[in-house]
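# Architecture at a glance
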Protein chains: 2
Amino acid sequence: MNDARNAIERLVALLSRLPGVGKKSAGRMAYHILDADPAYARMLAEELAGFHAAIHRCSICGSFTETDPCPVCSDPGRDSSIICVVERAQDVRVIEESFGNGTSTEFRGLFHVLGGLIAPLDGVGPDKLSIGQLLSRIRSGAVKELILALNPTIEGDTTALYLQKILKDYPVEVSRLASGLPVGGDLEYADRLTLSRSFRGRIKV
Amino acid sequence: MNDARNAIERLVALLSRLPGVGKKSAGRMAYHILDADPAYARMLAEELAGFHAAIHRCSICGSFTETDPCPVCSDPGRDSSIICVVERAQDVRVIEESFGNGTSTEFRGLFHVLGGLIAPLDGVGPDKLSIGQLLSRIRSGAVKELILALNPTIEGDTTALYLQKILKDYPVEVSRLASGLPVGGDLEYADRLTLSRSFRGRIKV
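These numbers were taken from a predicted model, which means no experiment stands behind them.

### Quick look at the overall build of chain A
- From N to C terminus, chain A includes 7 helices and 6 strands.
- Listing the helices and strands of chain A from first to last along the sequence gives α-α-α-β-β-β-α-β-α-β-α-β-α.
- In terms of overall size, chain A is more extended than a compact globule, its C-alpha atoms giving a radius of gyration of 21 Å where 205 residues would be expected to give roughly 17 Å.
- Contacts in chain A between residues at least 24 apart in sequence constitute 56% of all its contacts with a sequence separation of at least 6.
- On chain A, roughly 11800 Å² of surface is accessible, and the fraction owed to carbon and sulfur atoms is 55%.
- In chain A, 24 side chains carry a positive charge and 25 a negative one; their mean positions are 5 Å apart.

This is the structure:
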């Protein structure tokens with residue numbers, strides 16, 4: 001902790017390793033922390049110190065949780081016949097936050113975190129993902145529908161295709177999130193691929 | 001520290017109090033920290049825990065420092081006849097970083113941190129700023145020039161005018177940083193006031 005640089009530069013160097021934080025914003029953050037009540041830095045330090053120890057992977061769905069199974073998997077009010085398959089644990093949080101933690105009608109099912117996407121160029125094959133666990137959840141449970149909530153990227157498409165193929169022999173319905181124009185977006189700024197998907201996925205009104 | 005929300009939400013809430021960090025980027029940061037080596041969270045926690053205790057105000061210039069006087073004030077290689085007057089301690093860092101910590105020819109003088117700008121509407125009068133200390137530095141030392149490096153805002157202008165007035169009786173030259181178009185900027189995007197300043201401050205070529 002005590003190298004030659006001073007405390008401000010050390011904190012700036014650490015903060016600028018956070019995503020989306022450059023050296024300038026890390027500097028602003030450090031001075032903001034200095035100007036703020038010391039209790040703030042203390043609380044942040046405490047949370048960070050205990051962060052990794054407090055958070056585990058849910059043994060059922062693979063999302064980050066403090067309890068095992070996670071609150072979603074252990075909630076009897078959730079519809080266990082629908083599983084939403086996501087790439088990363090943070091995707092669970094995005095969906096839960098958007099839909100009011102399962103209280104909205106949009107999605108009240110469970111989750112499954114793949115832990116990545118198939119990316120042959122990066123050496124990530126299907127064996128690196130938690131597909132085996134997903135299949136045993138399907139086999140053992142009353143799962144009727146799988147919603148693939150994978151990013152509309154080459155890796156997401158590849159993984160979705162792979163899952164569709166191996167899931168053909170299982171009695172589950174498989175769907176994928178619609179891809180198209182973002183709400184509030186402008187045709188003018190849509191790229192060709194997004195536009196083409198929004199045409200192919202057009203909905204009768 | 002242990003309220004009902006889980007560790008991720010508590011960290012997200014704390015991180016989103018940082019400047020320029022919304023709830024979404026705080027979430028990305030929290031998951032980044034989870035994915036990273038636990039040593040990173042530990043180092044960040046340690047720096048934050050000791051941060052306020054390590055940093056003091058320099059008793060001469062008022063900037064943040066671990067030693068007193070600060071490295072700039074105690075550097076015999078700096079030109080003590082020039083003092084650059086700034087609003088906040090972080091401005092010292094910006095100028096030092098830009099000019100290679102006094103190794104460039106642009107600025108090799110000392111600093112004085114006012115600790116704010118005159119803002120009558122916010123109840124900040126000249127008495128709230130370290131103007132008395134600045135005057136005694138001028139009286140006791142061999143100060144020949146003051147560079148007012150205050151933001152080109154109403155508060156910065158007011159403070160600069162006030163300083164110019166009270167410094168009239170002192171044998172020091174007072175200047176202010178040039179205001180005008182940013183380098184690499186475009187006339188098209190300059191606001192009227194900036195453009196008008198760049199006209200008034202035009203330089204013969």
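After that view of the structure, there is still more to cover.
### Thoughts on the confidence of the model for chain A
- When pLDDT is averaged along chain A, the result is 89, and 97% of the positions lie at 70 or above.
- Of the two predicted TM-score estimates for the complex, the pTM is 0.77 and the ipTM is 0.77.

### A short note on the nonpolar core
- With 46 residues, the main nonpolar core has A:Ile33, A:Phe51 and B:Phe51 as its most contacted residues.
- For this core, the secondary-structure elements that each account for two or more residues are helix H1 (7-15), helix H2 (23-35) and helix H3 (38-54) of chain A together with helix H1 (7-15), helix H2 (23-35) and helix H3 (38-54) of chain B.

### A closer look at the interface of chain A and chain B
- Residue-level contacts link 48 residues of chain A with 47 residues of chain B.
- Here chain A and chain B share an interface that buries about 4800 Å² over both sides, 70% of which is from carbon and sulfur atoms.
- Its largest share of buried area at the contact with chain B, chain A owes to A:Glu47, A:His52 and A:Arg93, together 15% of the area lost on that side.
- Where chain A touches chain B, the interface holds 6 salt bridges.
- Here B:Glu47 ties to A:Arg10 by a salt bridge, and the two come within 2.7 Å at their closest N and O atoms.

### Re the packing of H3(A) against H2(B)
- The contact between H3(A) and H2(B) brings their axes to 10 Å, and the two run at 60 degrees. Taken together, the axis directions place H3(A) and H2(B) in an arrangement best described as oblique. At the point where H3(A) passes H2(B), the crossing takes the right-handed sense. Residues A:Leu48, A:Phe51 and A:His52 of H3(A) touch H2(B), and the partners they reach there are B:Ala30, B:Ile33 and B:Leu34.
- Among the residues forming the contact of H3(A) with H2(B), the class breakdown is 5 nonpolar, 1 polar and no charged.

### Here's the deal with the relation of the copies chain A and chain B
- In screw terms, the move from chain A to chain B is a rotation of 180 degrees and a rise of 0.1 Å along the axis, fitting with an RMSD of 0.1 Å. As the rotation angle and translation indicate, the two copies are arranged about a two-fold axis. Residue A:Ala45, judged by its C-alpha, is the member of chain A lying nearest the rotation axis, at 2.0 Å.
- Take the interface residues of chain A: 98% of them recur as interface residues in chain B, which is what a same-surface contact looks like.

### With respect to the packing of H1(A) against H2(A)
Residues and elements named next belong to chain A.
- Where H1 meets H2, the closest approach of the two axes is 8 Å, and the angle between their N-to-C directions is 125 degrees. One element, H1, and the other, H2, form an angle in the oblique class. For the element pair H1 and H2, the recorded crossing hand is right-handed. Counting all contacts with H1, which are made through Ile8, Leu11, Val12 and Leu15, the residues of H2 involved are Lys23, Ala26, Gly27, Met29, Ala30, Tyr31, Ile33 and Leu34.
- Per-class residue counts for the contact of H1 with H2 are 10 nonpolar, 1 polar and 1 charged.

### Some remarks on the environment of B:Gly77
Residue and element names in this part refer to chain B.
- Tracing the backbone shows Gly77 in the loop between strand E2 (64-65) and strand E3 (79-86).
- What makes Gly77 partly exposed here is its relative accessible area of 40%.
- As for Gly77 and Thr103, which are separated by 26 residues in sequence, their C-alpha atoms are 9.5 Å apart.

### Section: the pattern of salt bridges
Residues and elements named next belong to chain B.
- Under the counting rule described, the total for this entry stands at 15 salt bridges over all chains.
- The partner of Asp157 in a salt bridge is Arg176, and the shortest N-O contact between them spans 2.8 Å. Placement of Asp157 in helix H6 (residues 154-166) and of Arg176 in strand E6 (residues 173-176) is noted, with a sequence separation of 19 residues between them.
- The class of Asp157 is partly exposed, set by a relative accessible area of 21%.
- Overall, Arg176 belongs to the partly exposed group, its relative accessible area being 28%.
- One salt bridge connects Arg197 with Asp157, and the closest N-O pair in it is separated by 2.6 Å. Of the two residues, Arg197 is situated in helix H7 (residues 192-200) and Asp157 in helix H6; the sequence distance between them amounts to 40 residues.
- You can call Arg197 partly exposed: its relative accessible area is 23%.

The rules behind these values
Residues numbered from 1 in each chain as written. Chains lettered and ligands numbered in written order. Predicted model: local features only at pLDDT ≥ 70, side-chain atom pairs only at ≥ 80, totals over all residues. Heavy atoms only, no water. Helix = DSSP H or I, 4+ residues; strand = E, 2+ residues; numbered from the N terminus. Rg over C-alpha atoms; globule rule 2.2 N^0.38 Å. Contact = heavy atoms within 4.5 Å. Areas by Shrake-Rupley, 256 points an atom, 1.4 Å probe, with all protein chains shown as cover. Lys, Arg positive; Asp, Glu negative; His and termini not counted. Charge placed at Lys NZ, Arg CZ, Asp CG, Glu CD. pLDDT = per-residue confidence, 0-100. Core = buried A, V, L, I, M, F, W, Y, C linked by side-chain atoms within 4.5 Å. Buried < 20%, exposed > 50% of the residue type's maximum accessible area, 1.4 Å probe, protein only. Buried area = accessible area lost by both parts, 1.4 Å probe. Salt bridge = Lys/Arg side-chain N within 4 Å of Asp/Glu carboxyl O. Axes fitted to C-alpha atoms, helices over the stretch in contact; angles between N-to-C directions. Parallel < 35°, antiparallel > 145°, perpendicular 65-115°, else oblique. Left-handed = near helix turned anticlockwise from the far one by under 90°. Nonpolar A, V, L, I, M, F, W, Y, C, P; charged D, E, K, R; others polar. Least-squares fit on C-alpha atoms with pLDDT ≥ 70 in both.

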